[in-house]
Amino acid sequence: MKPNKPVLTEEQLFSRQVRRRTIISFAIFFLLCFGGYKLYTSVISSPKDRGIPKPFRAVLESNSKLFARGYEDPSLTKEFPKSIAARKVRVNGMIGLRDALDTSNYFIKLVRYSDAAPKPADTIYLTVNDLRKFPKTEVVFNFKCIEGWSQISWWGGVRFSDLAKKYKLGTKDNTEPDPIHHPENMLSYTGLQTPDKKYYVGIDMPSMMHPQTIICYEVNGRPLPVDQGAPVRLIIPVKYGIKHLKKIGTIFFSTTQPPDYWADRGYDYFAGL
Ligand SMILES: Nc1nc2c(c(=O)[nH]1)N[C@H]1C(S)=C(S)[C@@H](COP(=O)(O)O)O[C@H]1N2
Ligand SMILES: [Mo]
């Protein structure tokens with residue numbers, strides 16, 4: 001008869017298990033150390049590419065690609081895809097929108113600058129159809145109201161700077177504006193008013209000439225509704241909502257700050273973002 005295998009006590013079983021696990025842990029630890037060491041030596045001794053080991057060069061290059069793609073012109077307001085623009089665009093502020101206007105027979109008045117006006121300043125009258133003849137510029141940006149809400153919305157119209165070039169606006173001598181080469185010839189401000197003059201804003205000329213500033217006749221690809229400023233409004237993404245005057249009646253130019261509805265009531269004149 002064979003002797004029975006000795007029966008292990010619970011304590012013996014437990015310490016055997018601990019021993020086994022300790023050995024496995026150490027084995028994994030040494031394997032990882034060895035792997036790390038191998039990786040290190042293989043990277044260090046790998047062929048070089050312009051002075052540094054190839055794997056380092058690869059990481060460097062993928063980083064630089066990432067940052068090249070992420071670069072954005074800091075003078076432009078961030079834009080978004082149309083697909084995420086709000087379908088129902090929020091309406092806020094109805095000052096100057098009350099009187100019914102015949103939008104089919106609507107003219108924006110562009111008043112040319114004339115200092116101290118010995119002769120009356122000349123005025124250009126534009127219809128929405130005139131504006132539609134210019135290249136359309138669209139902007140999808142986060143519209144921010146000073147009251148604390150914001151919304152990504154999509155607007156279309158004509159760049160104010162395109163109008164200014166065509167009609168020679170915004171300069172002291174009524175020649176074509178060239179803010180980069182002849183900043184001294186630029187007037188300092190543009191003023192805008194609703195047809196009833198109840199809402200009015202003043203805009204510094206650099207913001208007015210900004211490439212994302214548009215004389216806007218569309219929202220979500222359709223003509224502006226009345227409460228959004230039909231037939232034309234200002235969209236000026238570098239400013240808070242208070243400056244985006246709805247229902248433009250008159251646009252004029254000045255060396256001094258034009259009156260501004262919310263600045264008159266204690267808000268910052270520039271309301272920049
Ligand atoms: N004519 C006119 N334009 C206006 C206002 C206004 O009361 N009257 N409110 C301003 C303010 S405070 C904001 S936030 C925006 C709102 O534009 P929305 O109604 O298209 O959202 O319009 C601005 N333009
Ligand atoms: Mo606002």
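Quick notes on the rules
- Residues numbered from 1 in each chain as written.
- Chains lettered and ligands numbered in written order.
- Predicted model: local features only at pLDDT ≥ 70, side-chain atom pairs only at ≥ 80, totals over all residues.
- Heavy atoms only, no water.
- Near = heavy atom within 4 Å.
- Polar contact = N/O pair within 3.5 Å; in protein donor to acceptor, adjacent residues only side chain to side chain.
- Areas by Shrake-Rupley, 256 points an atom, 1.4 Å probe, with all protein chains shown as cover.
- Nonpolar A, V, L, I, M, F, W, Y, C, P; charged D, E, K, R; others polar.
- Helix = DSSP H or I, 4+ residues; strand = E, 2+ residues; numbered from the N terminus.
- Buried < 20%, exposed > 50% of the residue type's maximum accessible area, 1.4 Å probe, protein only.
- Contact = heavy atoms within 4.5 Å.
- Core = buried A, V, L, I, M, F, W, Y, C linked by side-chain atoms within 4.5 Å.
- Pairing = 2+ DSSP bridges.
- Axes fitted to C-alpha atoms, helices over the stretch in contact; angles between N-to-C directions.
- Patch = residues over 30% accessible without salt bridge, like charges linked within 9 Å, V, L, I, M, F, W, Y side chains within 5 Å.
- Salt bridge = Lys/Arg side-chain N within 4 Å of Asp/Glu carboxyl O.
- Lys, Arg positive; Asp, Glu negative; His and termini not counted.
- Charge placed at Lys NZ, Arg CZ, Asp CG, Glu CD.
- Phe/Tyr/Trp six-rings, centres within 6.5 Å; stacked < 30°, edge-to-face > 60°.
- Lys NZ or Arg CZ within 6 Å of the ring centre and 35° of its normal.

Asks: Looking at this structure, how should I read the site of ligand 1?
Replies: Every one of the 20 residues lining ligand 1 counts as a neighbour, but Arg-90, Asn-92, Ile-95, Arg-233 and Lys-246 are closest to it. In this structure, an oxygen atom belonging to ligand 1 sits 3.5 Å away from a main-chain N or O atom of Gly-93. Out of a free accessible area of 530 Å², ligand 1 has 97% covered by protein chains. Per-class residue counts for the shell around ligand 1 are 11 nonpolar, 6 polar and 3 charged.

Asks: Would you mind showing me how to read the side chain of Gln-212 here?
Replies: In this fold, Gln-212 is placed in the loop between helix 5 (205-208) and strand 9 (214-219). The exposure class of Gln-212 is buried, given its relative accessible area of 5%. A distance of 2.7 Å separates a polar atom in the side chain of Gln-212 from the backbone nitrogen of Thr-77. Within polar-contact distance, the side chain of Gln-212 engages the side chain of Glu-79 at 3.0 Å. Dropping the residues within four chain positions of it, Gln-212 is found in contact with Leu-76, Thr-77, Glu-79, Val-139, Ile-235 and Pro-237.

Asks: I keep staring at the nonpolar core and nothing clicks. Help me out?
Replies: The tendency in soluble globular proteins is for nonpolar side chains to be buried side by side. Core analysis: the biggest nonpolar cluster contains 38 residues, and Leu-131, Leu-192, Ile-215, Ile-248 and Ile-251 have the highest contact counts within it. At the level of elements, strand 3 (108-111), strand 4 (123-126), helix 3 (128-132), helix 4 (160-167), strand 8 (200-204), helix 5, strand 9 and strand 12 (250-254) are the ones that each hand at least two residues to this core. If one sorts the elements of this core by residue count, helix 4 sits on top with 4 residues. Contact partners of Ile-215, with chain neighbours within four places excluded, come to Ile-108, Leu-131, Gly-157, Val-158, Phe-160, Leu-163, Met-208, Val-232, Arg-233, Leu-234, Ile-248 and Ile-251.

Asks: What should I look at first to understand the sheet that holds strand 7 (residues 189-193) in this one?
Replies: As a general point, the strands of a sheet are linked pairwise by backbone hydrogen bonds and lie either parallel or antiparallel. The strand order across the open sheet built from 5 strands is 4-3-12-7-8, with neighbouring strands paired in mixed fashion. Edge positions in the sheet fall to strand 4 and strand 8, since each has one partner strand and no second. Going from strand to strand, the sheet's axes swing by 20° on average, the running direction of each strand aside. Pairing analysis gives 4 bridges linking strand 3 to strand 4, with the strands arranged antiparallel. Note that in strand 4 the partner of Lys-109 across the bridge is Tyr-125. The sheet contacts of helix 4 involve strand 3, strand 4 and strand 12, and relative to strand 4 the element is tilted by about 130°.

Asks: Got a minute to help me understand a positive patch on the surface in this structure?
Replies: Among the surface-exposed residues, Arg-16, Arg-19, Arg-20 and Arg-21 lie close enough to one another that they form a single positively charged patch. Along the chain, Arg-20 falls in helix 1 (residues 10-44).

Asks: When you look at a nonpolar patch on the surface in this model, what are you seeing that I'm missing?
Replies: A cluster of nonpolar side chains, namely Phe-34, Tyr-37, Tyr-40, Ile-44 and Phe-56, defines an oily patch on the protein surface of about 580 Å² accessible area. Looking at the nonpolar patch element by element, the count peaks at 4 residues for helix 1. If you trace the backbone, Tyr-37 turns up in helix 1.

Asks: Quick question: what am I supposed to make of the packing of aromatic side chains here?
Replies: In this description, an aromatic ring pair is defined by two values, namely the gap between the centres and the angle between the planes. Counting across every chain of the model gives 14 aromatic pairs. Plain terms: the ring middles of Tyr-200 and Tyr-261 are 5.8 Å apart, the flat faces sit at 70° to each other, and that makes the pair edge-to-face. One end of the pair, Tyr-200, is in strand 8; the other, Tyr-261, is in the segment after strand 12, and 61 residues separate them in sequence. Of the two residues, Tyr-200 and Tyr-261, neither departs from the other in class, the shared state being buried. Among the aromatic residues, ring-to-ring pairing joins Tyr-199, Tyr-200, Tyr-261, Trp-262 and Tyr-267 into one connected group. For the cation-ring pair, Arg-265 lies above Tyr-261, with the distance from its terminal atom to the ring centre recorded as 3.6 Å.

Asks: Explain unusual backbone geometry to me, please; I cannot follow it from the model alone.
Replies: Most peptide bonds take the trans configuration, and most residues that are not glycine carry a negative phi. Along the chain, Ala-230 connects to Pro-231 via a cis peptide bond; the corresponding omega equals 0°. Looking at the secondary structure, you find Pro-231 in the loop between strand 10 (222-223) and strand 11 (233-235). The phi torsion at Lys-168 lies on the positive side, around 55°, for a residue other than glycine. One can find Lys-168 in the loop between helix 4 and strand 7. Within the chain, Lys-247 stands out as a residue other than glycine whose phi angle is a positive 60°.

Asks: Looking at this structure, how should I read helix 4?
Replies: Residues spaced three or four apart along an α-helix point in a common direction, a consequence of the helix completing one turn every 3.6 residues. Burial runs high along helix 4: 6 of the 8 residues are buried. Listed as buried for helix 4 are Phe-160, Ser-161, Asp-162, Leu-163, Ala-164 and Tyr-167. Residue Lys-168 follows helix 4 closely and has a positive phi angle near 55°.

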